[in-house]
Amino acid sequence: DVDLLNSSLEPLRFGDVVYFYFSETTEKKSSSFSGFMQADLSIERVGFQTQTGGNPANFHECLFQILPMMNYDSSTSRMELSRRKSFVKNISERMMLDHRVKQEYNQNEIAIKKYQTGEKKTNVLYGHIVQLKHIGTGKWLQGNTFTADREKDCLRLGLSEGDENCHFRIIPRFRIRREGSIAYFGDMLHLRSEKIPGYSIRVTDKQYDKHEPTPHVHELNLSLVPSALKVLKFYRPSSKDRTLINTNIDYIRFFHAETNRFLQGSCEHRKVGENDNFMDHVKATGNLSGTMRRKSSASFFPNLSPKYITEGGDASKAAKDEEDSEYLNLGSPRDTTADTPNEGLDNLRQHCPFFTPLVNNQPNNPMNLSCKSMFIFEYSTRLISGYVKWNSPVRIKHVATGRYLCVDSKSDPTLSATKGIHRCYLVDDTNFTKLERTLFHMIPTDEQEEFVPEVHCSMRIEHRLTKATTLHATNLNIQGSIGGSDDEESFGLFFSEKKNDHDALIMMPLEKMSSFEKSMKLALAMERTLEWFSSRVISRQPLKFEHIRRVERVLAKLIFFSDKFFSLSDFAKRERSKNYDPFDALSSQHQVSRSFQSLAKDSKLLDKVFKVAVCPTTLDSVTMDFNTSTQKFESAIFRHLEGIVKLAWRALENIIIDNRANENYFASHPSWINPGIVVQMPFPLGAASTFATLITNNATLLGTVIDNSTLTAFEDLIIHNGPHPRLMGFFTAICSCLGQPILSNQETVLHHLILDEEQNRKILINIYEQKDSVPSEWTFHQGSDMNATPLNQPERYLGDEEVSRGYTQIVVSWENLATMENFYINGRQYCDIGEFCAPLLAEEQAVRLRSSSSTSNSSAFQKSTSSGRDPQTHKHLELVNYLVAQIDLFSKMCLGRSYNCIHVMAKKFPYVMLVSLLSQQEGLPQNLKRAFTDLMRTLWIDRHPHSPLDLPRRYWIVDDLEQYDINSEGALVSFKLSETHQLRTHQDSFYNFASHDKFFLLQDLIIRYFESLNGEQVIGHTSQNALTASMLDLTHDLMSFGFFGSENVIKRLLDCTVACLDGRNDSLDKDVSMKSTRLSIGVSKRKEAASSGVLFDLEMENLNNNSNAKRFIKDIITRKEYGNLRYLEDSNSSQVMMCKKNIIKVLRVVEQLRANFRLSQLLARIRFDVQLKPGDNESLSDLITSTLASEELNRALNVEEASKSPLDTVLLDLLMYESDALFEQAFIFFRNQYTDRSLMMRLLPNLTILDDSRIPIFEDYLNLVESLQQLEYYMRSYEVWAVESLASPMDLRAYNHTCYLLNKLIVFIYAPSYSKNAFGGGGKESKAQRISRIEKYCRAERKAINKETEKVSVGATKSERKGGRRITKRSDSVSDLNVFGYNSPPSDILVKEPNRDHQHLLRSANMAIVIRHALSIELDHMSRMTKMDGGGGGERNHLV
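All residue numbers here refer to positions counted from 1 along the written sequence of the relevant chain. With the structure being a predicted model, the display of local features is reserved for residues of pLDDT at least 70 and the display and counting of side-chain atom pairs for 80 or more, all residues being used for whole-chain, interface and lining totals. Hydrogens and waters are ignored; side-chain quantities use all the structure's heavy atoms.

Trainee: Can you help me understand the packing of aromatic side chains in this one?
Mentor: How two aromatic rings sit relative to each other is given by the distance of their centres and the angle of their planes. Pairing of aromatic rings covers Phe, Tyr and the six-membered ring of Trp, with a centre-to-centre limit of 6.5 Å; geometry is then stacked below 30 degrees between planes, edge-to-face above 60, and tilted otherwise. Per the stated rule, a full pass over the model turns up 47 aromatic pairs. Ring geometry for Phe-561 against Phe-596: centres 5.4 Å apart, planes inclined by 80 degrees, an arrangement best described as edge-to-face. Pair noted here: Phe-561 is in helix α9 (residues 545–561) and Phe-596 is in helix α11 (residues 594–602), with a separation of 35 residues, a long-range link. The buried label applies to any residue whose accessible area, calculated with a 1.4 Å probe on protein chains only, is under 20% of its type's maximum; exposed applies above 50%, and partly exposed to all values in between. A relative accessible area of 6% places Phe-561 in the buried class. The exposure class assigned to Phe-596 is buried, which follows from its relative accessible area of 4%. On the numbers, 5.7 Å between centres and 50 degrees between planes, the contact of Trp-814 with Phe-823 is tilted. Exposure class is identical for Trp-814 and Phe-823. Each is buried. Taken together, the ring pairs in this structure connect Tyr-911, Trp-940, Phe-975, Phe-990, Tyr-991, Phe-999 and Phe-1043 into an aromatic cluster. The rule for a charge over a ring is simple: NZ of Lys or CZ of Arg within 6 Å of the ring centre, and within 35 degrees of the ring normal. In this structure, Arg-395 packs its charged tip against the face of Tyr-404, placed 3.9 Å from the ring centre. One Lys or Arg, Lys-998, reaches over the ring of Phe-990 and ends 3.9 Å from the middle of that ring. Put simply, DSSP marks the helices as runs of H or I at least four residues long and the strands as runs of E at least two long, and each gets a number from the N terminus on.

Structure follows, in structure tokens:
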């Protein structure tokens, strides 16, 4: 009884937390209602909640803190003056007033803190002007002049951040109290608005919404007829709050030290075994009317009734009729009581407490914080709060679920052979009335005072109802028995009548007002809002449009809340600004907080967000027919909910991105992916981006979640819904993970989309060369400077014959795409690629123009520009973007040297064709060029026989050491095929080309591109910056593979790339340099201006109305950054930082080339120094020092000298950028500039120098190196020769050669080294003699391999060939194994001691790379592909 709780006369003080009770009989006299004043955390609506029992479930929403009147004079003045244009232009006046506003805010906060901590004690008197701060939301009760919702002759009551409308005067209800007298708890009073004379708070008998579940909420408004409210005490702040545990306020955790585990509670809302999955329920009931277009629904959901696929006419008409009304009608309301389980004790076992292990061994580590482990104490009634006493009855409430720990009074014989073991659960006491089962006593294990202190203390939890049972932890594995435990090592929680010494727990209070507590409260509040919305939609209850806007703002807040550097105060300022748009969150880019992601998963916020994203598709009255001409959904109902769906998918993406636990949790619900995500993939809602985020970085999911049904679903989506880039992005996403290829997925996509000709025609755009067109003359780069010398064109290079004939026209054809049958360009369904890409080129130019518009980030501006396109242009642009996505897919298919894909794609995209697309074809957009650049790198550069140079080299042959001039041929190590290399005889010029001039066309292209940049990058030009990053990746691969073999070419490249490295040259647009945006005012003045909100205006005047710079500076002010503008990392500048990082990667390869050249010259000088005597270490040390210090070697490939830039200054400047990856690369390169000589000295003792190149088993060291390269190719291309598929047959010769090389390596490790007398005749052999000897050896070896292969190939059956490839092929006639007595199988020689010299030689030759690729072979490659292709020998199953 609330009267009994406040029967004693106790004065009301400022700072007290109170609640307001009201009771009245209706006019009909047949019923009465009573309850509490309340503010809904979900929609922040102020109302009157009717009382249901003595303990309302959401009582925490009824709590307010009474505080004295705050001062808002400056804020009010600023609001009034902001409407004047003269004030907006007067910067000094604004600066002064903003400073006053800040001081006013700080003074108010200081005053509030004194009352909240109990430091200041002042009684509340009648007649005082007070403010009521809602505890749940932290906002103030406010009256305003808007009309109330239900009673139109009254005014609205709401919540706000604080202003003069929040002032209320306390008036006594009865005359026994008068103004000036003390107000007491239990008094009846009126709350009269001070700003709106005559209006007071009134409780009405009209409900806000009759469809809402109990407890019913009545309207609370401002009226001329006041209602008498009884003020009741909940809690009074005191100085003891810092030392004692308070009920309903202080959060605690229970730690079991013996098992090193925390007590947690399950957050699942359904019993395990029930159909608790939302999408399973939807799929089972058939409520998927809005999932697909009518003609494709049957392929996904064949069991659906037709009535659920078509849109209901009446509901649609009703929605359109009410489009301008207050409510959005979602159709006929549906009774959802059948979906609610019986909340009896037997049906609540899914909400079980359990002990979960620590993330690490430190219980206080923040990584062990989880909302599932948070509890609070509560008295038997929640209507009052106080300190917790030892050995007194309290209830233990689980914060995340709001449920109470409860013990089953009957022992469970299944848990133990002896009696006395009781199960415990978490129950909702609104439907479970046996209070005594939820009462516990805290028993200390050591001497304590009366109250429980707010420190770590040991205790037992006893339950007196069941004969004083004590808390008992058992090692019984509870995985599968509850829905909340994700860890197989979680222990069960029970109560035992027999005490155990190890049952004591350590109570660990959470720090008051910690960041985790604030985040948890915010997450739980947002969770409730989302649950409220989804339940309304599922039950088809009408929605107010203002509630839709409210949910949009909550989702936007959730997206910003995921920021690692989220500030609630900063977000409140952003939300209060006039230009705030919730949909700005869709374009926000920030670093996601790991703690936020864990909190979202533990609190089931992830589940709620997903439910919001998909619940609109369950409406019978909604179909998701999308009009590509208007870029709008046909359903008027869904158009209102579209924004919520988009924000929900974006929030979900932030929750799961780069978090394996969250990704796996999401994927553990299969129906969340299909149909959950898949059905929304064709539409621009964000489901495609979320799905790509889910699978891109999780190799486990790519191997388990993606199956044949998912692939077929996406193929059908493209065929039936048209070529959307986001659908093609799915196939791109499954081909790689964290930059590493997934070979089985790559080949599966190859089979599905490329080798299946029927699917190929329906899904892919065709690109080909027009052979009958007149060739155009090939032009080469002449340099940006007219006086610059063009690159020396070598006599021979790859593609020289095609270049001499000229490049041909490239044609794009889409005539086989089903949904493009009515799309023509100039009356044809094919055209030149330049004409085809015209809309995307125009779009990129438009982006640059919009970047200078102040409204470029406005969602309204984006909507207007998209809706301004005609349907034909939009379809054309969509098709071009689809082509870009298709090229990106081809690039990912070839990633990581996937040779089956490479061999197929090489026929479709010849090398010269790609070069002409990048350098000769006019009118291609930069985004498409970026895609072709990536394809060039993965298709033609990163493949056999190219491999990264191991620099500096760790093995040398004395005869190869010569003194070179840096500009001479062969001075720099580069790509080349030896005279005896087996590829020299290959028919394809790509393989038999032997020099570093092979990719001269790309060298010309790269230098042409970087010189065109003039050392400047433009922040905001995303397409160009992405192309620059791809060009740098291409340059890095060419450089590391040894295709830049001339110092002149390298210096020319450095000159134009290092200029781009200097951030001082970057700009916001073509006219304003980053340096010109710096202000001359001091840092202190700059911070003061920023804090008052005026810095933005100061910057504007200095930038001459350049809106792009304005936007950039505004972002800095928002994030309180005062440094140089270019250091700030955001979605635009991060691309520029990526380019700079890639430039440093190129420079590090140049650094390695330089180190290798210097090392070779040092060794050559040692070799030819006639004065150096063996054993003279002092002379050797002097020679090394003088050589490394020589001017000739210091100037060789000196990056700073070649680039003509102050490299040290540039690198130090790069250390100031926010990007961690850029800082790391810049720091390492900067350090290496000053430690290159010491690194060289440390390298010298680890070199291997061979006096003669002849070695046993392999004949020559050169042959050993080439054999390892060939073996590496076999290991990386096993899908070509070891798997028989449609892409490639079994290659027995490659198999035999692989076994032969592996056996030779084993024997070589155990073979003795050649002695000096092993070569009869003595002396050094000439180069010609060496080549002749190696050629003779290689010819005999190849002949033997071919002969052995023919024995099992020619005339053999399939089974015989299968058996033949298991035979190890070795021939003593091929090698000289018999000379050393190794005629036995390799396994027999392993008992001998290995040759240390040969082991070291193999390490120097990087045999570890071969081993690494061998061990990474997918042994289940065929089975995984069979699964992906449907298994069972279907028509797509081409595997043997």
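Picking up where we left off.
Trainee: Explain the pattern of salt bridges to me, please; I cannot follow it from the model alone.
Mentor: For side chains of opposite charge, pairing can occur when their charged atoms come near one another. Throughout this description, the term salt bridge denotes a Lys or Arg side-chain nitrogen within 4 Å of a carboxyl oxygen of Asp or Glu. Under the defined criterion, the tally for this structure stands at 46 salt bridges. One salt bridge connects Glu-663 with Arg-660, and the closest N-O pair in it is separated by 3.1 Å. Here Arg-660 and Glu-663 lie together in helix α14 (residues 660–667), a separation of three residues that amounts to about one turn. The partner of Glu-962 in a salt bridge is Arg-1167, with the nearest N and O atoms 3.8 Å apart. With Glu-962 in the loop between β34 (955–957) and α30 (989–992) and Arg-1167 in helix α37 (residues 1133–1168), this residue pair connects regions lying 205 residues apart in the sequence.

Trainee: Would you explain helix α4 (residues 91–116) in this entry?
Mentor: Because each turn of an α-helix spans 3.6 residues, side chains separated by three or four positions end up pointing in the same direction. With 26 residues, α4 extends 37 Å from end C-alpha to end C-alpha; this agrees with the ideal 38 Å at 1.5 Å per step. For α4, the set of buried residues is Ile-91, Arg-94, Met-95, Leu-97, Asp-98, Glu-104, Asn-108, Ile-112 and Tyr-115. Positive backbone phi, at 80 degrees, marks Gly-118, one or two positions downstream of α4. By this rule, a helix spans an expected 1.5 Å times one less than how many residues it contains.

Trainee: When you look at helix α41 (residues 1207–1214) in this model, what are you seeing that I'm missing?
Mentor: Considered for burial, the residues of α41 that qualify are Leu-1207, Val-1210, Leu-1211, Asp-1213 and Leu-1214. Seen from one end, α41 has its buried residues packed into an arc of 160 degrees, which puts them on one side. By the convention used here, residues are in contact when the closest approach between their heavy atoms is within 4.5 Å. Buried residues belonging to α41 abut α33 (1047–1061), α37, α40 (1199–1203) and α42 (1220–1243). Arc, as used here, means the arc of the directions from the helix axis to the C-beta atoms.

Trainee: Please clarify how the packing of helix α20 (residues 743–755) against helix α26 (residues 871–894) should be interpreted in this entry.
Mentor: The geometry of a pair of packed helices is captured by two quantities: the angle between their axes and the separation between those axes. At a closest axis distance of 9 Å, the pairing of α20 and α26 adopts a crossing angle of 135 degrees. Looking at the two axes, α20 sits oblique to α26. α20 and α26 meet at a crossing whose hand is left-handed. Every residue of α26 that contacts α20 at Gln-746, Val-749, Leu-750, Leu-753 and Ile-754 is listed here: Leu-889, Phe-890, Lys-892, Met-893 and Cys-894. Three categories are distinguished: nonpolar for Ala, Val, Leu, Ile, Met, Phe, Trp, Tyr, Cys and Pro, charged for Asp, Glu, Lys and Arg, and polar for the others, with Gly belonging to the last. Classifying every residue of the contact of α20 with α26 gives eight nonpolar, one polar and one charged. Note on geometry: axes are C-alpha line fits, over the in-contact stretch for helices, and angles between N-to-C directions span 0 to 180 degrees. Relative orientations are named as follows: roughly parallel for angles under 35 degrees, roughly antiparallel for angles over 145 degrees, roughly perpendicular for angles from 65 to 115 degrees, and oblique for any other angle. The hand of a helix crossing depends on one turn: near helix anticlockwise from the far one by less than a right angle means left-handed, and clockwise means right-handed.

Trainee: Just checking my understanding: could you explain the environment of Lys-908 for this structure?
Mentor: Turning to its location among the elements, Lys-908 is positioned in helix α27 (residues 899–908). Owing to a relative accessible area of 35%, Lys-908 belongs among the partly exposed residues under this scheme. If we skip the residues at most four places from it in the chain, Lys-908 touches Ile-754, Asn-760, Ile-767 and Met-913.

Trainee: Help me understand the pairing of strand β24 (residues 491–496) in this model?
Mentor: The element β24 is extensively covered by neighbouring structure, given that six of its six residues are classed as buried. In short, DSSP must find at least two bridges between two strands for them to pair. Here strand β16 (residues 353–357) runs beside β24; their pairing, made up of two bridges, is antiparallel. Following the sheet pairing, Phe-355 is matched in β24 by Phe-491. One ladder, built from three bridges, connects strand β20 (residues 421–427) with β24; its direction is antiparallel. Bridge pairing in β24 places Ile-421 opposite Ser-496.

Trainee: So what exactly am I meant to see when it comes to the packing of helix α31 (residues 1000–1013) against α33 here?
Mentor: Across the interface, α31 lies against α33 with an axial gap of 9 Å and an inter-helix angle of 35 degrees. Taken as a pair, α31 and α33 cross one another with a handedness that is left-handed. Taking contact as the criterion, the partners of Gln-1003, Ile-1006, Ile-1007, Phe-1010, Glu-1011 and Leu-1013 in α31 are, on α33, Val-1049, Arg-1052, Leu-1053, Cys-1056, Thr-1057 and Cys-1060. Broken down by class, the residue content of the contact of α31 with α33 amounts to eight nonpolar, two polar and two charged.

Trainee: Help me understand the sheet that holds strand β33 (residues 830–832), please; the structure alone is not making it clear to me.
Mentor: Backbone-to-backbone hydrogen bonds pair the strands of a sheet. The strands run either parallel or antiparallel. If you trace the three strands from one edge of the open sheet to the other, you get β31-β32-β33, paired in antiparallel fashion. A strand with exactly one partner marks an edge of an open sheet, and here the two such strands are β31 (766–770) and β33. Within the sheet, the average angular offset between the axes of one strand and its neighbour, ignoring direction, is 30 degrees.

Trainee: Could you clarify how one ought to interpret the confidence of the model for the protein chain in this entry?
Mentor: Low-pLDDT stretches of the model should not have their predicted coordinates read in fine detail. Mean pLDDT over the protein chain works out to 78, with 78% of the residues at or above the 70 mark. Across residues 337–349 the pLDDT falls below 50, and counting only partners more than four positions away or on other chains, this stretch makes 23 contacts in the model. One confidence number per residue, pLDDT, is output by the predictor and ranges from 0 to 100. Across residues 1070–1123, where pLDDT falls below 50, the model places 103 contacts with residues more than four positions away in sequence or in other chains.

Trainee: When you look at unusual backbone geometry in this model, what are you seeing that I'm missing?
Mentor: Residues apart from glycine generally show negative phi values, whereas peptide bonds are mostly found in trans. Residue Pro-945 is reached from His-944 by a cis peptide bond, and omega for that bond is 10 degrees. Tracing the backbone shows Pro-945 in the loop between α29 (926–941) and β34. The phi dihedral of Asn-260 is positive, around 60 degrees, even though this residue is not glycine. Its place among the elements puts Asn-260 in the loop between β13 (252–256) and β14 (261–265). A relative accessible area of 28% places Asn-260 in the partly exposed class.

Trainee: Just to check I follow, could you spell out the state of the cysteines for this structure?
Mentor: Cysteine pairs can be covalently joined through their sulfur atoms, and such a bond is termed a disulfide. We call a pair of cysteine sulfur atoms a disulfide whenever their separation is within 2.5 Å. For the structure shown, the criterion picks out zero disulfides. Between Cys-1056, a cysteine without a disulfide, and Cys-1060, which holds the nearest cysteine sulfur, the sulfur-to-sulfur distance is 7.1 Å. Accessibility expressed as a relative area gives 6% for Cys-1056, which makes it buried.

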